[in-house]
Amino acid sequence: MADESTSGFQAGQTALIVRIPEAEPSVGRWRARLDPSARAGVPAHITVLFPFLDESRTDALVHSALADVLGSHPAFDLRFERCGRLPGVLHLVPDPGTRLRQLTEAIAERWPEAPPYGGRFTEIVPHLTVAQGQEDTVLEEIEADLVGRLPFTAHVSSVELIVHDGVKWRERASFALGARHGS
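Keep in mind that this is a model prediction, so the values were computed, not measured.

**Q** Teacher, can you tell me more about the overall build of the protein here?
**A** Scanning the protein from terminus to terminus reveals five helices and eight strands. Mapped from its N terminus to its C terminus, the protein presents α and β elements in the order β-α-α-β-α-β-β-α-β-α-β-β-β. Computed over its C-alpha atoms, the radius of gyration of the protein comes to 16 Å, within 12% of the 16 Å expected for a compact globule of 183 residues. Projected onto its principal axes, the C-alpha positions of the protein cover 45 × 40 × 30 Å.

Shown next, in the form of structure tokens:
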């Protein structure tokens, strides 16, 4: 969701995200100003899959299948020690990113009609967007501020299905990951 603007979000769009509440003290004020998804109601997160199926298709069968797919993956911990850049985006780098990529790949395999980011990118790069669409000098200022706020660790035990209602993103359902098998 890092490259969408609030005007680009459409009613009925859905996304699967991992909330990272542990990031809010570090990135909340920057995201509120410089991340359109934050202004549209999305908390600090890592996108697992966007866009997912249209809301009209997310019925009980889809929810059951999501619970099965996601429940087969163990809960895990992430560490955030550094910032990274994508074109026009400053983000925090989750370590390890492997488990996040595995979640994305499993969902995209089950729903091939919903490729990550609409199929626009060939590589899955897990990230927590802090700011986008800013000059490099602004991104450098933010990064300098964040250095003193890192590292931190987050525990990932669920994936949220969120839906855009035409104004804001709202949580529709939460799917637990399986039993924890280390980090």
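Having put the structure on the table, let's press on.
**Q** Explanation requested: the packing of helix α3 (residues 60-71) against helix α4 (residues 98-110) in the structure shown.
**A** A packed helix pair is summarised by two numbers, namely the angle formed by the two axes and the spacing between the axes. Where α3 contacts α4, the axes come no closer than 10 Å and their chain directions differ by 140°. α3 and α4 meet at a crossing whose hand is right-handed. Between α3 and α4, the contacting residues are A65, L66, V69 and L70 on the first element and L103, A106, I107 and R110 on the second.

**Q** What am I meant to see in the pairing of strand β4 (residues 89-95) here?
**A** Taken residue by residue, a regular strand's side chains alternate between the two faces of the sheet. Along β4, six of the seven residues are buried, which leaves the element largely enclosed by surrounding structure. Both strand β3 (residues 76-86) and β4 contribute to a ladder of seven bridges, which runs antiparallel. The residue of β4 that forms the bridge with R85 is L90. Pairing of β4 with strand β5 (residues 128-132) involves four bridges; the strand directions are antiparallel. When the bridges of β5 are listed, L92 appears paired with L128.

Rules of the game
Within each chain, residue numbers correspond to sequence positions counted from 1 in written order. pLDDT decides what is reported in this predicted model: residues at 70 or higher carry local features, side-chain atom pairs at 80 or more are listed and counted, and totals for whole chains, interfaces and linings draw on all residues regardless. The basis for every side-chain value is the complete set of heavy atoms in the structure, and neither hydrogens nor water enter the calculation. Only DSSP runs of H or I reaching four residues or more are called helices, and only runs of E reaching two or more are called strands; each is numbered from the N terminus. Throughout, the radius of gyration refers to the C-alpha atoms, and the reference size of a globule is 2.2 Å times the residue count to the power 0.38. All axes are obtained by fitting lines to C-alpha atoms, using only the stretch in contact for helices, and the reported angles, taken between N-to-C directions, cover 0 to 180 degrees. Helix crossings fall into two classes, left-handed where the near helix is turned counterclockwise from the far one by less than a right angle and right-handed where it is turned clockwise. Any pair of residues with heavy atoms lying within 4.5 Å of one another is described as a contacting pair. Buried means the residue's accessible area, taken with a 1.4 Å probe over protein chains only, is under 20% of the maximum for its type, while exposed means over 50%, and partly exposed covers the values in between. DSSP calls a pair of strands paired once it identifies at least 2 bridges connecting them.

So, to be careful, I would describe these as geometric facts and stop short of saying anything about function.
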